[in-house]
Each structure stands twice: as C-alpha cells, then as structure tokens.
Protein chains: 2
Amino acid sequence: MNPDHPSPRKNRSSNSDGRTRLPVAQDVAELAGVSIATVSRTLNEPEKVRPATREAVMKAAAELGFVLNSAARALSTRRSSTVGVIVPSYGNEVFVRALSSFQRTMRAAGYQVLAASSEYDLATEMQEAAFLLQRGVDGLMLVGGIHDPDLYARAERSQVPIIQSFSLSDREYCVGFDNREATFRAANYLLDLGHKRLAVVTGTRENNDRAAPRAEGVHLAMAERGLELSPAHDLIVSSGIVAGRDAFGQLMGGPKEQRPTGIICGTDEIALGIMSEASERGVDIPRTLSVIGFNDSSFSAVLSPPLTTIRVDADEIGKSSALALLNLMGAKTMVQVTRITPELVLRGTVAPPDKL
Amino acid sequence: MNPDHPSPRKNRSSNSDGRTRLPVAQDVAELAGVSIATVSRTLNEPEKVRPATREAVMKAAAELGFVLNSAARALSTRRSSTVGVIVPSYGNEVFVRALSSFQRTMRAAGYQVLAASSEYDLATEMQEAAFLLQRGVDGLMLVGGIHDPDLYARAERSQVPIIQSFSLSDREYCVGFDNREATFRAANYLLDLGHKRLAVVTGTRENNDRAAPRAEGVHLAMAERGLELSPAHDLIVSSGIVAGRDAFGQLMGGPKEQRPTGIICGTDEIALGIMSEASERGVDIPRTLSVIGFNDSSFSAVLSPPLTTIRVDADEIGKSSALALLNLMGAKTMVQVTRITPELVLRGTVAPPDKL
DNA sequence: ATAGCAATTGAAAGCGTTTACATCTTTGGT
DNA sequence: ACCAAAGATGTAAACGCTTTCAATTGCTAT
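Computed from a predicted structure; not experimentally measured.

Draft legend 1. Representation of the pattern of salt bridges in the model. Using the criterion set out here, one finds 32 salt bridges over all chains in the structure. Residue Lys 48 of chain A is joined to Glu 45 of chain A by a salt bridge in which the shortest nitrogen-to-oxygen separation is 3.9 Å. Its salt-bridge partner being Arg 154 of chain B, residue Asp 150 of chain B comes within 3.2 Å of it at the nearest N-O pair. Here Asp 150 of chain B and its partner Arg 154 of chain B are both found in helix α7 (residues 149–157), four residues apart, which amounts to about one turn of the helix. You can call Asp 150 of chain B partly exposed: its relative accessible area is 34%. Accessibility expressed as a relative area gives 36% for Arg 154 of chain B, which makes it partly exposed.

Next up, the structure:
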C-alpha cells in the first residue's frame, strides 16, 4: 500500500481527489490476474473455479480488503437478501422475543432483517410495508391476519411472500395459534374451579385478530355453561401496565356481589397492572380475585404471587416463521399452517372463588 | 454482438415469460412523454422540474404503480439510506426502548434501520458490524465504547460514522451518561441513610463500559467514607431475573452481621430477581434490605414495594443518537458529546438500615 | 421582434455486480 | 497421441437509477 506512489497508469486504488477508493471486483481481478467474472464466481460458487485460481482470488481479495457491494449485487440479482418484519409494538415483550429469534434464524441463513412497528394501526402498517417493499425485501413477516388489502396486493405484485404470525389463517401461510381456544381453556379452568363471574380485559380489538378472539374465548366458555359475561366485565384498554391498573378500578368498583372473581387478561402487562392495584388496595390475590395473564413474560414468574398465565412460545413462532419464509422465498412447497400450542401455566394467582 | 442491429420490439410491460414486469423509470418516462432523467428529478428534486411536467410524471408514476428500485438508487448514489444498530441484547428493556426511538427518528428522516445484537460478545459484534458494513449502512450506532479495533478501522475505511451510546467518551461522538457517577450517587444516598455494608451486583463487566463503572461507583463511594466493599458483596452474574435470584442467595448466605443492608444492582431485572427471592425467603424489603435498581424498567414502578432505581431516559438516548448520526452523515459539525443525566427515582425499596 | 439569460430537459456515462454465451483448457478414452 | 466432451475462464450485456454537461426552451427587457 503506497498511497503516494506515482503510478503512470490508471491507479485503481485512488480516485481523482486522492482519497483511497474502496476496492471493487475489478481491482481484485487485476491483482489476481483473472477476469472479473472469475472473481464473482469465486465468491458465489467457489466450487466452480479451479482451486489454484480460487486461492489466488481469495488472496487478492483479502489483501485489498475487498468487500462486495451489496447494492450492486441486489441490482444485478434482483434479490436483496433482506426481509422485513412489522410488529404491532416493541413494548410487548412477546413480539420482541419473536422478532429476536426470527432475526437470529434469518441471520444464520444470510439475511438481514428490517424491522418496523405499526403501533397497532393499519395505516401505519401499510406505510411501513410500502417502505419495506420499496427497499426490496425478499419476504415479509406480519403479526396477525388483518391488514390493508393493498398491502397484499403490492406484495403479490412484487412477488414478495408473506408469513403471518400469532394467529391462524386458512388463506395465508402462517405460524400461530388459536387465540380463542387459549382463553376458552383458561376460562374453563376458572369455571371448573367454581367461578361464576369472570371478567376479560384486553388491549385494542380493532383490526386485531389476537385480542378479539381472546375476549371471545371467555364469552364462549361462559355461554356454554349458561352464564353471561356482563358488559361491565368486558374491558378494552390501551395496552400496558398502567392500563391494567385502571382496569382494576373499573372492574372492582361495583358492589361486592357483582364484582368478578376471576379476570383473564390479554397480556401479562395488564395482569401486572391489575395485581399492582390490587395489592395497593388490599385486595387479596388469589383469595378474593383470581388473575390469568397471557404470554408468560419474563417477569411473570417472579411476581408475588407468581402469575398464572397462558404461555406462548414466542421464540418458536419467530424461528418457525423465519423457516417458513425461507422456504417460501426459495419457492419450495411447504406446510401452509404451523400450529403452536399455548399452555396454561399454573402459578399463584388462581384459586377457587371465595365462598361468601 | 452487432451494435447497429435493430433491437427487437421491446415490450416494456411484460417480459419473456409473459409475467407482467414491474414498471421502471423508463416506463414512466415513456408514458409521461419525458426523459428518464426528468423522472428521476421529479422524484428527487421536484422543485427543479416545471409544475406541468412534474404532474405529468407523477400521474404516470401513479398510474403504473411505479416504485423506485432502491438497490439501483443505492448503487448510483453510493448511499443506502440505511443505518445499523448493534445492541448488546434484546432482553434488556432499556436497549429495546432506545432502539425503538432511534428507529422512529431515523424513519422520520427517511432511513431504515438494520438492527443486530451482540449478546455482549465482541467477536459477535464485529461479525454483525461487518455484515452491516457490507450491507452498505450509512451510519452505525453502537452501545458503549469498547469494540473490536478492526470495527473502527473498517467503518473509517468505508467512511461510515459511528455514534456511541450509553457511555461517554472523549474520542468518539457519543450520547450517554457517566455510569460511575450514577451508582456513586445512589451509593451515597444509601450511605447517608446510615448503611455501612453495601453490595453491588451487575451483569458481565468484561468489555463493558457500563457495568464495570457502575460497580466502581459503589466502591468509590464507600472508599470515600473509609469503608470497604467486601469482595463477597461484589457479584458478577449473568444478566436477567433468575441471575438476581441466585445473587440473593450468595449475598445473604453469610452470618447476619456480615450481610449487606443495601444492594445496588446493574439492572432492574437483577433487582427484581433479588426482590422475588427476598419475598420468598421472608426477608423484608426495605426493612432489612434496601435495593436499588438501574434503568427504571416499565415493571419497576408497580412491584411491591415499588423499586427505587436509577432512571435513564432511553428514549432520549435513542433519539439523540439518531439526530447525532444524522448530522454526522450529513457531514455537519456537531457537538461531540451529548450528556444524559440519570436520575435516582426514590420509591419503596430503600430505607435506613435496621438498627440492630 | 430579439438578444441575452436563466430555467428546463435530454443524452449518455457511470455505479459494481451477475450471468448468458463464447472461447479456451483439460481430461479421459481409445 | 488425438479427439471429443467436460470444465474453466473471459467477454460483454444487463440491472435501474443518478448526474454531469450540453442542448433546448421560456422569459424579460430592450
């Protein structure tokens, strides 16, 4: 490396303003005494070039510190080796976990992932998707199955496969679970324990095929036993811990004999808020109030008492979604639906109702 | 072959196998009756093209559903409008928050962000960075100031600016705070309350300029008062809630008169683990043990008792880092160091030591 | 009208790869 | 040895955009 070496010929390692320019395939080719095509081959299909040549190229590339320009590669191959993910929010641990394992899997397959969040808004999601599509992602992971129709249209047009997660579908490829069934079971568990008045509180259910079915599951379980879930016991809150605190107030405000004895929450964060408020107001959990969360967030097991919750294997969802998408991008045939099984994790926040 | 050979009729809207091809600038140009250069201008510098022409182009683009190919654009401009972020882990809420606000800010400026996690490992970080650099990111956000020297070298070579976060530096551009001072203050607060035996427990301190200084801060505060922090009261654990539980056992295992009366934790997760174990073992917090966390994670305020912690404005860090990086990428001059002020949030886990 | 000038527009040369296709080497069978 | 077949390498044309520079157009002020 001799920056000021006066070279009579075209000096490939510096440009007009004297700055050393980054080496390109051409430079490697010259140094190795081969053509640029061979350089490309050595990098992409090493087995197709003779060992001796291969090594010469490798050596030259290493010497120059050559790094392939992926924009050029993307332009030429029409594939970006990039995939996109849009989650509703980074504030929900379960999405972050899924995203993380999705990313890990994709990364291992040589893909980078572009992530975005929709803030539970269809228009925002569409906007982010458009951005990702323009960026040329080769695949897209979405949460849930309710999206702007235009999103599907554009993805289709660009031939970008979509994998849906966290909910099931019979029209799209998906990795998810039956949200309604999950809470249906949890509700039945409570009902079997003797509870008669259940409440359900979730985050927004608008355009949300996870929260809405979760509420339905509780309604359904009660209906099957001839019980009715009072509208006052069916709450939609803005997600998050503080929302849970508020919910407690609304739910437990009425006369004692009308208060729910068990609450099923759409997320552990909501459950935590409820527990926190209960503790503050001196309401004993699980003695006078049973609580069931959703997701089994990391903090749930160490609360006092430990939160009974519906565990969903977010890592598995992330990983399987990545694998599925990888298959779709390879145009391979594959199973359309991957069903994950949520599990009711029994801990300390559930007990039979107070017999009073 | 033959340059003057009349090219076969070019059907711009479909290719050989009949599939409708995505429209490109050329198609828009033809439909609008202008040149491809004008299409480009309309899209990038609308003010430079006459209103009438602009509208014609816009109309044509909309009609065809034209989407600019960003790989081609990146190749041509040598800028990808993409930035990279590498955080130590997605398991720490504070990094996710910073990442999220970093992303929001970048997104608003027209950049996409590629995120990666290093799992607190320098080699992994280097690998991810290399991947990002190859991807042609225009800028990079890193957590802390301890990285593979080669990382700096390569970034420099590609002229990719780096913004360091969560710690301060006098050599690099950074948005962070003085980690040592933060715990130093917290320790002094406890000391002022009358505590004599403090403990500190953090995650790994190897190549970590956040955890290590946090431990130092506690040592320093005690040293200034002629007290010594027993090695047995200085723990390094793998981060996370369960690690905190273990830490409790180790710390509180000794004879009563040697146990610490106050613990300062490197993260709220560790503090939560400690609180959980304390509760299980019937150790009263804050009566017989004071606990201070770090970061003010979302759950901290609603624990019982609410966790006293050192709040760091992660959103601010993410946003300011993004702004700083945006400036650096624009080659604008800017402040080198943005100092964030951590705040000790007094809640329920701290009290004077038991006078026994 | 018309020169003079500024504002628009177009032509064409990149940007750095990949990849048919053509060409040149090997290799193996006889 | 010799020829065909197989294998390795090179040539050159995309890929779809940006951008310089020159040519054209539209104005304003004579």
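Draft legend 2. Molecular detail of the side chain of Thr 309 of chain A. All names here are of chain A. Inspection of the secondary structure puts Thr 309 in strand β10 (residues 308–311). Within the structure, the side chain of Thr 309 is placed 2.7 Å from the side chain of Asp 268, a separation counted as a polar contact. Setting aside residues no more than four positions away along its own chain, Thr 309 makes contact with Asp 268, Ile 292, Gly 293, Phe 294, Asn 295, Asp 296, Glu 343, Leu 344, Val 345 and Arg 347.

Draft legend 3. Molecular detail of helix α4 (residues 70–77) of chain B. Residues and elements named next belong to chain B. Residues of α4 that are buried: Ser 70, Ala 71 and Ala 74. Looking straight down α4, one finds that the buried residues subtend no more than 105° of arc, so they occupy a single side. N-cap assignment for α4: the residue whose side-chain oxygen lies 2.8 Å from the backbone N of Ala 71 is Asn 69. Looking one or two residues beyond α4, the residue adopting positive phi is Arg 78, at roughly 60°.

Draft legend 4. Just the domain arrangement of chain A, in detail. You can read the domains of chain A as domain 1 (1–68), domain 2 (81–177 + 315–339) and domain 3 (179–313). Taking only C-alpha atoms, the centre of domain 1 of chain A and the centre of domain 3 of chain A are 64 Å apart.

Draft legend 5. The arrangement of the protein's contact with DNA strand C in detail. Lining the immediate environment of DNA strand C, one finds 26 residues, of which Ala 25 and Ser 40 of chain A together with Thr 38, Arg 41 and Thr 53 of chain B sit closest. The sugar-phosphate portion of DNA strand C accounts for 62% of its atoms within 4 Å of the protein, the bases making up the rest. In the environment of DNA strand C, a phosphate oxygen lies 2.4 Å from a nitrogen or oxygen atom belonging to the side chain of Ser 40 of chain A. Between DNA strand C and Asn 69 of chain A, the relevant distance is 3.4 Å, taken from a phosphate oxygen to a main-chain nitrogen or oxygen of the residue. Among the secondary structure elements, those contributing two or more residues to the surface near DNA strand C are α2 (36–44) and α4 (70–77) of chain A together with α2 (36–44) and α4 of chain B. The element that contributes the greatest number of residues to the surface near DNA strand C is α2 of chain A, accounting for five residues. Of the residues in the surface near DNA strand C, the class split is 12 nonpolar, nine polar and five charged.

Draft legend 6. Quick peek at the interface of chain A and chain B. Counting from both sides, the interface comprises 49 residues of chain A and, opposite them, 49 residues of chain B. Taking both partners together, chain A and chain B bury about 4000 Å²; carbon and sulfur atoms supply 53% of that area. At the junction of chain A and chain B, the tally comes to two salt bridges. For the interface between chain A and chain B, the tally reads 19 residue pairs in polar contact (both at pLDDT 80 or more). With six residues, the top contributor of residues to the side of chain A that touches chain B is strand β2 (residues 112–117) of chain A. Across the side of chain A that touches chain B, the residue classes break down as 23 nonpolar, 20 polar and six charged.

Draft legend 7. Structural view of the relation of the copies chain A and chain B. When chain A is fitted to chain B, the residual RMSD is 0.1 Å, and the transformation amounts to a turn of 180° plus an axial shift of 0.0 Å. One copy is carried onto the other by what is essentially a two-fold rotation axis. Residue by residue, 100% of the interface of chain A is reproduced at the interface of chain B, so both copies engage with the same surface.

Draft legend 8. Structural context of the confidence of the model for chain A. Residue and element names in this part refer to chain A. When pLDDT is averaged across chain A, the result is 91; 94% of the residues are at 70 or more. No element of chain A has a lower mean pLDDT than helix α10 (residues 241–251), at 92, and none a higher one than strand β3 (residues 139–143), at 98. In the model, residues 1–18 has pLDDT below 50 throughout and makes 13 contacts with residues more than four positions away in sequence or in other chains.

Draft legend 9. Representation of helix α6 (residues 122–134) of chain A within the structure. Helix length check: α6 of chain A (13 residues) gives 18 Å between terminal C-alpha atoms against 18 Å at 1.5 Å per residue, within 8%. Turning to α6 of chain A, its buried residues are Glu 125, Met 126, Glu 128, Ala 129, Phe 131, Leu 132 and Leu 133 of chain A. Those residues of α6 of chain A that are buried lie in contact with β1 (82–87), β2, β3 and α7 (149–157) of chain A together with α5 (93–108) and β2 (112–117) of chain B.

Calculation rules
Here, residues in each chain are numbered from 1, in the same order as that chain's written sequence. Naming scheme: in the order in which they are written, chains are lettered from A and ligands are numbered from 1. In keeping with the predicted nature of the model, local features appear solely for residues at pLDDT of at least 70, side-chain atom pairs appear and are counted solely at 80 or more, and the whole-chain, interface and lining totals rest on all residues. To obtain the side-chain values, all non-hydrogen atoms of the structure were used and water was disregarded. A side-chain nitrogen of Lys or Arg and a carboxyl oxygen of Asp or Glu constitute a salt bridge if their distance falls within 4 Å. Starting at the N terminus, helices and strands are each numbered in turn, a helix being any DSSP run of H or I of at least four residues and a strand any DSSP run of E of at least two. Here the term buried applies to any residue with accessible area under 20% of the maximum for its type, exposed to any over 50%, and partly exposed to those in between, with areas from a 1.4 Å probe on protein chains only. Whenever two N or O atoms come within 3.5 Å, that pair is a polar contact, provided that in protein one can donate a hydrogen and the other can accept it, and provided that, for residues adjacent in sequence, both atoms are side-chain atoms. In this analysis, two residues are considered to be in contact whenever any of their non-hydrogen atoms come within 4.5 Å of each other. Our arc is simply the arc of the directions from the helix axis toward the C-beta atoms. Residue ranges labeled as domains rest on an automatic or database domain assignment. Distances are taken per atom, and a residue is near a molecule or strand as soon as one of its heavy atoms is within 4 Å of it. Only Asp, Glu, Lys and Arg are considered charged, only Ala, Val, Leu, Ile, Met, Phe, Trp, Tyr, Cys and Pro nonpolar, and every remaining residue, Gly among them, polar. Buried area counts how much accessible surface, traced with a 1.4 Å probe, disappears from two parts once they are put together, with both parts' losses summed. C-alpha atoms of residues with pLDDT of at least 70 in both copies form the basis for the least-squares superposition of the copies. A score from 0 to 100, pLDDT tells how confident the predictor is in each residue. Under the convention used throughout, the expected extent of a helix is 1.5 Å for every residue step, that is, one less than its residue count.

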